[in-house]
Amino acid sequence: MLQNDAVTMLLRRGVLRPMPQDNLIEELTEEQVALLEQSLRALREQLLKHLEASSQSAAPVALDQTSVGRLSRMDAMQAQQLAASNRRRTQARLEQIRAALKFLEQGEYGACSRCEEPIGFRRLQARPETPLCVACQGRREGR
Ligand SMILES: [Zn+2]
């Protein structure tokens with residue numbers, strides 16, 4: 001008892017630091033994995049619908065349309081390019097979601113694909129398809 005009080009006092013004065021595992025990212029619990037699997041599946045649905053809905057706007061602009069003027073045709077082409085790059089991003093994200101669902105099946109979900117440390121529930125909640133932990137993501141982006 002006396003010893004605990006001494007430790008508490010030292011902690012309070014900043015002489016001792018809290019155990020390092022307090023700051024470590026925990027492995028996911030089963031409940032968390034189930035939640036993240038739900039969001040992955042919902043996200044996949046949503047992105048697939050988005051792809052379906054945008055397939056028209058990303059189609060090449062017909063250049064022989066006489067009813068549109070030069071400027072609006074350029075607008076239409078810009079909009080088409082934007083839609084096409086949106087679609088590419090969405091498709092890349094869908095790929096990550098598919099990979100994440102595969103990791104889930106194999107029981108390897110939630111570990112960073114580079115350093116194998118847990119990615120952490122909070123980060124996965126924000127982006128359940130991410131294959132990298134914060135540190136590795138930062139390294140990849142050259143930060
Ligand atoms: Zn990592």
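Only a predicted model underlies this, so the values are computations on that prediction, with no experimental measurement involved. (Residues numbered from 1 in each chain as written. Predicted model: local features only at pLDDT ≥ 70, side-chain atom pairs only at ≥ 80, totals over all residues.)

## Points about the overall build of the protein
Within the protein, the secondary structure is distributed over five helices and zero strands. Reading the secondary structure of the protein in the N-to-C direction produces α-α-α-α-α. Long-range pairs, those at least 24 residues apart, make up 56% of the contacts in the protein between residues at least 6 apart in sequence. (Helix = DSSP H or I, 4+ residues; strand = E, 2+ residues; numbered from the N terminus. Contact = placed C-beta atoms within 7 Å.)

## Considerations on helix α3 (residues 70-105)
Helix length check: α3 (36 residues) gives 52 Å between terminal C-alpha atoms against 52 Å at 1.5 Å per residue, within 8%. Phi turns positive one or two residues past the end of α3, at G107, with a value near 70°. (Expected span 1.5 Å × (residues − 1).)

## Notes on the packing of helix α2 (residues 30-54) against α3
The geometry of α2 relative to α3 is characterised by a closest axis approach of 10 Å and an angle of 150° between their N-to-C directions. As the angle between them shows, α2 and α3 are arranged roughly antiparallel. α3 is crossed by α2, and the crossing has left-handed handedness. Contact residues: α2 offers E37, L40, L43, R44, L47, H50, L51 and S54, while α3 offers A83, N86, R87, T90, R93, L94, I97, A100, L101 and L104. (Axes fitted to C-alpha atoms, helices over the stretch in contact; angles between N-to-C directions. Parallel < 35°, antiparallel > 145°, perpendicular 65-115°, else oblique. Left-handed = near helix turned anticlockwise from the far one by under 90°.)

## Comments concerning unusual backbone geometry
For E116, which is not glycine, the phi dihedral falls at a positive 70°. Along the chain, the position of E116 falls in the loop between α3 and α4 (121-126).

## Brief notes about the confidence of the model for the protein
Caution is warranted with low-pLDDT regions, since their predicted coordinates should not be read in detail. Per-residue pLDDT for the protein averages 85, and the proportion of residues at 70 or more is 83%. Confidence, expressed as mean pLDDT per element, reaches its minimum in the protein at helix α1 (residues 2-12) with 69 and its maximum at α4 with 96. (pLDDT = per-residue confidence, 0-100.)

## Topic: the environment of V33
Within the element layout of this structure, V33 appears in helix α2. Linking V33 and Y109, residues 76 residues apart in sequence, is a C-alpha distance of 7.9 Å.

## Structural notes on the environment of P131
Along the chain, P131 falls in the loop between α4 and α5 (134-140). Along the backbone, P131 and I119 are 12 residues apart, and their C-alpha atoms lie at a distance of 8.1 Å. Non-local contacts of P131, meaning those with residues more than four positions away in its chain, are made with Q96, A99 and S113.

## Observations regarding the environment of L35
Tracing the chain through its elements places L35 in helix α2. Each C-alpha atom of the pair L35 and P128 lies 9.7 Å from the other, and the pair is 93 residues apart in sequence.

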